[in-house]
Amino acid sequence: MPAAVRGGSQAQATPRGKTPPSASKRPTAKRPAAAAGPRSEGAGISPKTALVASAGVLVLAVVATLGTGGRGERLAQAVTSGIDDRFGQAGFRLQSVHVEGASAMATPDIVAATGVYKDQPVLGLDLEAVRQSVERVGWVKEARVVRLLPDTLVIAVVERRQLAVWQHGGRTMVIDERGQPIPEADPGRFPTLPLVVGLGAAEMAPGILPTLAQRPRLMERLEALVRVDNRRWDLRMKDGSIVQLPAVGEEEALMQLEQLDQRSHILELGFERIDLRNPDVVAVRPRQAAPAGQLVAEGA
């Protein structure tokens, strides 16, 4: 097996104990000053030279792999490791990770998922493995990973849109537009998201929330959507009143409520319960007045 080629000139062998005849007479030449520009510290070669030389060695490793089977594969792995070291010496080491398309809350989780570290050889990174790791993060819908030589990793992501906060079984989680939980998201940091409650509420929320979003007068008074028997919704309002929606035809029921509000301003006047489960009848139960002479306690 031929020996590995190393950089540098090869000195002529001289018998031990003897001084070369020309050694004492050879004049000492002054070395020219180094050219301005970046230089790999301690590497002895420029990044461009390292790139060309290592590419040639990699070709030889591939030939050895084809010719010697499994033993060649191990040889190729060893050569690749050596190439990474050589590129690292030439300055191709990771110094920064740049994340695009992610929110400030999502970025730390994305960087942590990559598993990369500072001064890691950039050309040794498995970009596909990094991409798969990033896409396992709950914030991320899809990702693309690019190696930017000499020292940067760029991760471009499409972040999953936060749709609502889901509460069930003593747990509270943020869900995305498909109703899937985002485990890394802290629900306390999303106070403006609608609250959906109960079994099946997460999966069914993407179907009703866009319809409700078209009715800002209703949405600004809404406290939570409560899933009843995993069949239908109750809308719980901030003043304690309830709007009961049917299991089928939710949008038509909301249109009925909208028409009722246009005629009587029922959302402003207040009510105890509006039953929209029967498409032919809208049943309204007004809020009970306090008995004469009884004080009514008002919240702050």
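Residues numbered from 1 in each chain as written. Predicted model: local features only at pLDDT ≥ 70, side-chain atom pairs only at ≥ 80, totals over all residues. Heavy atoms only, no water.

1. Focus on the pattern of salt bridges
Taken as a whole and assessed by the stated rule, the structure comprises 13 salt bridges. The residue R215 makes a salt bridge to E258 at a minimum N-O spacing of 3.6 Å. Taken as a pair, R215 in the loop between α5 (201-213) and α6 (216-219) and E258 in helix α7 (residues 250-264) lie far apart in primary sequence, 43 residues in all. Among the residues examined, R215 registers a relative accessible area of 9% and is labelled buried. One salt bridge in this structure joins R221 and E220, with 2.9 Å as the shortest N-O distance. In this structure, a network of salt bridges that share partners links the residues E128, R131 and E135. (Salt bridge = Lys/Arg side-chain N within 4 Å of Asp/Glu carboxyl O. Helix = DSSP H or I, 4+ residues; strand = E, 2+ residues; numbered from the N terminus. Buried < 20%, exposed > 50% of the residue type's maximum accessible area, 1.4 Å probe, protein only.)

2. Some points on the confidence of the model for the chain
On average, residues of the chain carry a pLDDT of 78, and 66% of them reach 70 or more. Low pLDDT, under 50, characterises residues 57-66; the predicted model gives this stretch 10 contacts beyond four residues in sequence or across chains. pLDDT under 50 marks residues 295-300. Its contacts with residues more than four places away, or in other chains, come to 1 contact. (pLDDT = per-residue confidence, 0-100. Contact = heavy atoms within 4.5 Å.)

3. Describing the nonpolar core
Counting residues in hydrophobic clusters, the biggest one holds 28 residues, and the most contacted among them are V196, L212, L218, L225, L235, V243 and L245. For this core, the elements supplying multiple residues, two or more each, are β4 (162-168), α5, β7 (222-228), β8 (232-237), α7 and α8 (266-269). Ranked by the residues each element gives to this core, the list is headed by α5, at 6 residues. Those residues in contact with L245, other than ones at most four positions away along the chain, are I208, R232, W233, D234, L235, A253, L254, L276 and R277. I110, W139, V140 and V145 belong to the second-largest nonpolar core, a separate cluster that totals 23 residues. (Core = buried A, V, L, I, M, F, W, Y, C linked by side-chain atoms within 4.5 Å.)

4. Things to note about the packing of aromatic side chains
Evaluation of the coordinates by the stated rule reveals 1 aromatic pair. In this arrangement the basic side chain of R227 is found over the ring face of W233, its NZ or CZ atom lying 5.0 Å from the centre. (Phe/Tyr/Trp six-rings, centres within 6.5 Å; stacked < 30°, edge-to-face > 60°. Lys NZ or Arg CZ within 6 Å of the ring centre and 35° of its normal.)

5. What about the sheet that holds strand β6 (residues 195-197)?
What the 8 strands build is an open sheet, ordered β5-β4-β6-β7-β8-β9-β10-β11; its pairing is mixed. The outermost strands of the open sheet, each flanked by one partner alone, are β5 (171-176) and β11 (283-285). The average angle at which neighbouring strand axes cross in this sheet is 20 degrees, direction not considered. Where β4 meets β5, 6 bridges bridge the pair, whose relative direction is antiparallel. Note that in β5 the partner of H168 across the bridge is R171. (Pairing = 2+ DSSP bridges. Axes fitted to C-alpha atoms, helices over the stretch in contact; angles between N-to-C directions.)

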